[in-house]
Amino acid sequence: MTDIKKVVLAYSGGLDTSAIIPWLKETYNNCEIVAFCADVGQGEEELIGLEEKALASGASECHIIDLKEEFVADYIYPTIATGAVYEGTYLLGTSMARPIIAKAQVEVARKVGADAVCHGCTGKGNDQIRFESCFAALAPDLTVIAPWREWSMESREDLLEYLAERNIATTASATKIYSRDANVWHISHEGGELEDPWNEPSKGVWTLTVDPIDAPNQPEYVSLKVEQGRVVAVNDEALSPYQVVSKLNEIAAAHGVGRIDITENRTVGMKSRGCYETPGGTVIVAALRGIEELVHDKTSRIWRETVGQQMAHLVYDGRWFTPLCQSVLAASESLAADVNGEVVVKLYKGQAQVVQKRSPNSLYSEAFATFGEDQVYDQKHAEGFIRLYSLASRIRALNSK
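What you see is a predicted model; the values in this text were computed from it and never measured.

(A) Seen up close, the overall build of the chain. Looking only at helices and strands, the chain has 13 helices and 14 strands in total. A principal-axis box enclosing the C-alpha atoms of the chain has dimensions of 85 × 55 × 45 Å. Of all intrachain contacts in the chain linking residues separated by at least 6 positions in sequence, the fraction that spans at least 24 positions is 73%. Looking at the chain as shown, the accessible area adds up to about 20,100 Å², and 51% of this sits on carbon and sulfur atoms. When the 38 positive and 56 negative side-chain charges of the chain are each reduced to one mean point, those points stand 6 Å apart.

In structure tokens form, the structure reads like this:
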């Protein structure tokens, strides 16, 4: 412990990391603490006064790194292009943010000459795995410190008492109900009443979206332009990836779009219940699936679904910086090359429904699919196809006589 000279701490300014700074100094022989905060779109209000707070808690400096555009362009967009959805509903908002945060934390550690990195993840959650797997891939020489696995404190009350004894100010209180994590893609809610899956989430759980019951009684239509599996314009306005998500968050949240309530399988083995709000992301995913329906043939769509399922587990389990993840992303890029077009999504009372879609690469042909008279499809050809398609079943039945 005494060999640690400088530590870069992933710092949020919350109760946990406020206590971690003095704990590190006391535990690791008064080592220097550099606070690091990643701006991944959690909201400007979360960053106000953060540097001052870190310094007041005992940090020697504080680095706030703007990662918003990179986060959406290089992590969110590639992930959703694969079709990744964890256990059928979770759009991986927290999971996708961890590799870019860990990468930036390592870069700060290299810049300041640190010999250790530290996170405030608990020993029960997925995030400890995500952060430390990234550290292992990017900087195996750095020591990783995880206070929740080392110190004797076990509750919020313990942390508040610890800070009070050292006259370190905090705005936290013992009455915090929910554990939340926010970025531009989503906000998650855990704890409190949600720990009992028999409890319906109260209105106090949700913070980003309007209750669908209270949403407007008239639908809103939003158009999206898609190029190679990326949304590049909203309502005919060209936008950067971060701007796309931000704009759609505002539009879709007003209609109560993007709420889910799931009990998921954590990587550590236990189940946990969480409520997630992903308004803009829900619209984007619906738009991409709409274009894919037009351009992917049957076998390509099956492969994309396979790729998406694989990617969901890779991201959720913290395996972004692995050869398999890069291989899956490469496969997805190949499939996404033809995912181009325009989509209109109808937003109404919590639902995001694709109602119009077109693509220059569409395999849908009205001339072939029409129920009316056509000049391109000879229905007599189907008989021979069916006889060959079902030949194995025919032979099996003949053999059984």
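(B) Examining the sheet that holds strand 4 (residues 116-118) more closely. On the basis of which strands lie adjacent, the open sheet formed by five strands has the order 3-2-1-4-5 and parallel pairing. Strands at the two margins of the open sheet, each flanked by one partner only, are strand 3 (61-66) and strand 5 (143-145). Across the sheet, the mean angle separating the axes of adjacent strands is 25° when strand polarity is ignored. In this sheet, strand 3 lies alongside strand 2 (residues 32-39) in parallel orientation, the contact comprising six bridges. Paired with V34 across the bridge in strand 3 is E61. The sheet strands contacting helix 1 (residues 15-27) are strand 1 (6-10), strand 2, strand 4 and strand 5, and the helix crosses strand 1 at an angle near 170°.

(C) Local environment of the sheet that holds strand 7 (residues 187-190). Spatially, 6-7-12-11 is the arrangement adopted by the four strands of the open sheet, whose pairing is antiparallel. Strands at the two margins of the open sheet, each flanked by one partner only, are strand 6 (179-182) and strand 11 (259-265). Averaged over all neighbouring strand pairs, the angle between strand axes comes to 25°, with direction disregarded.

(D) A look at the packing of aromatic side chains. Under the criterion given, the structure shown has nine aromatic pairs. The interplanar angle of 90° and the centroid separation of 6.2 Å between the aromatic rings of Y90 and Y316 together place this pair among those described as edge-to-face. One end of the pair, Y90, is in the loop between helix 3 (68-81) and helix 4 (93-112); the other, Y316, is in helix 9 (residues 298-316), with 226 residues separating them in the sequence. Judged by relative accessible area, which is 2%, Y90 ranks as buried. The buried category is assigned to Y316, whose relative accessible area is 0%.

(E) Fine view of the environment of E373. Position of E373 relative to the elements: it lies in the loop between helix 11 (366-369) and helix 12 (381-389). Between the C-alpha atom of E373 and that of I76, which follows or precedes it by 297 residues, the distance is 45 Å.

(F) Fine view of helix 3. Here helix 3 contains 14 residues, and its C-alpha end-to-end distance of 18 Å stays within 8% of the 20 Å for a straight helix at 1.5 Å per residue. Among the 14 residues that make up helix 3, ten are buried, leaving the element largely enclosed by the rest of the structure. Taken together, the buried positions of helix 3 are K68, F71, V72, Y75, I76, Y77, P78, T79, I80 and A81. Positive backbone phi, at 90°, marks G83, one or two positions downstream of helix 3.

(G) View of the pattern of salt bridges. All chains considered together, the criterion is met by 24 salt bridges. Taking the shortest distance from any N to any O, the salt bridge between E26 and R166 comes out at 2.6 Å. In this pair, E26 is assigned in helix 1 and R166 in the loop between helix 6 (156-165) and strand 6, connecting sequence segments 140 residues apart. Across the salt bridge formed by R149 and E132, the nearest N and O atoms sit 2.8 Å from each other. Taken together, the positions of R149 in the loop between strand 5 and helix 6 and E132 in helix 5 (residues 127-138) put the pair 17 residues apart, joining distant regions of the chain. Relative accessible area serves as the criterion here: at 22%, E132 is assigned to the partly exposed category. One network of salt bridges, with partners in common, ties together R98, D127, R130 and D181.

(H) Main features of the side chain of H186. Within the secondary structure, H186 sits in the loop between strand 6 and strand 7. Note on H186: relative accessible area 1%, which makes it buried. Engagement of the side chain of H186 in a polar contact is seen with the side chain of T94, the distance being 3.0 Å. Among residues more than four places away in sequence, those in contact with H186 are Y90, G93, T94, D181, Y276, E277 and T278.

(I) Seen up close, the pairing of strand 7. Alignment of strand 6 against strand 7, held across four bridges, turns out to be antiparallel. For D181, the partnering residue across the bridge sits in strand 7 and is S188. Adjacent in sequence and paired antiparallel, strand 6 and strand 7 are bridged by four residues. With three bridges connecting them, strand 7 and strand 12 (residues 271-277) associate as antiparallel partners. In the sheet register, S188 faces strand 12, and the bridge partner there is Y276.

(J) Expanded view of the side chain of K68. Positionally, K68 belongs in helix 3. Classification of K68 by relative accessible area gives buried; the value is 16%. Here K68 is in contact with D39, V40, G41 and Y242, once residues within four sequence places are set aside.

Each value, and the rule that gives it
Residues numbered from 1 in each chain as written. Predicted model: local features only at pLDDT ≥ 70, side-chain atom pairs only at ≥ 80, totals over all residues. Heavy atoms only, no water. Helix = DSSP H or I, 4+ residues; strand = E, 2+ residues; numbered from the N terminus. Contact = heavy atoms within 4.5 Å. Areas by Shrake-Rupley, 256 points an atom, 1.4 Å probe, with all protein chains shown as cover. Lys, Arg positive; Asp, Glu negative; His and termini not counted. Charge placed at Lys NZ, Arg CZ, Asp CG, Glu CD. Pairing = 2+ DSSP bridges. Axes fitted to C-alpha atoms, helices over the stretch in contact; angles between N-to-C directions. Phe/Tyr/Trp six-rings, centres within 6.5 Å; stacked < 30°, edge-to-face > 60°. Buried < 20%, exposed > 50% of the residue type's maximum accessible area, 1.4 Å probe, protein only. Expected span 1.5 Å × (residues − 1). Salt bridge = Lys/Arg side-chain N within 4 Å of Asp/Glu carboxyl O. Polar contact = N/O pair within 3.5 Å; in protein donor to acceptor, adjacent residues only side chain to side chain.

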